[in-house]
Amino acid sequence: MARRRKASDSEIQAKMVSFKSDDGVYQIDTIRQKVYRKFVEIESAKAFEIYAAWRAQEA
């Protein structure tokens, strides 16, 4: 019987969510928990604030 292989990170489809904040529009990758502005990853501290605000909005 053949073994099944695990899907690599590149094979997992990222779910991108747009989030509008006071100072701009961001794209949030919910799988990798990364935040992008115009698809360029932003600074971790700011990303944490944006991600937290987005999660608070969803609740």
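Let's talk about the nonpolar core
Part 1 of the reasoning: Counting residues in hydrophobic clusters, the biggest one holds ten residues: V17, F19, Y26, I28, V35, I42, A47, I50, Y51 and W54.
Part 2 of the reasoning: Elements with a minimum of two residues in this core: β1 (16-21), β2 (24-29) and α1 (44-58).
Part 3 of the reasoning: With four residues, α1 is the single largest residue contributor to this core.
Part 4 of the reasoning: Other than its neighbours up to four places away in sequence, I50 contacts F19, Y26, I28, V35 and I42.

Brief notes about the packing of aromatic side chains
Part 1 of the reasoning: Applying the stated criterion across every chain, the model contains one aromatic pair.
Part 2 of the reasoning: Centroid distance Y51 to W54: 5.6 Å. Interplanar angle 45°. Geometry classified as tilted. Linking Y51 with W54, this pair stays in helix α1, spanning three residues, or about one helical turn.
Part 3 of the reasoning: A relative accessible area of 14% means that Y51 is categorised as buried.

About the cut-offs
- Residues numbered from 1 in each chain as written.
- Predicted model: local features only at pLDDT ≥ 70, side-chain atom pairs only at ≥ 80, totals over all residues.
- Heavy atoms only, no water.
- Core = buried A, V, L, I, M, F, W, Y, C linked by side-chain atoms within 4.5 Å.
- Buried < 20%, exposed > 50% of the residue type's maximum accessible area, 1.4 Å probe, protein only.
- Helix = DSSP H or I, 4+ residues; strand = E, 2+ residues; numbered from the N terminus.
- Contact = heavy atoms within 4.5 Å.
- Phe/Tyr/Trp six-rings, centres within 6.5 Å; stacked < 30°, edge-to-face > 60°.

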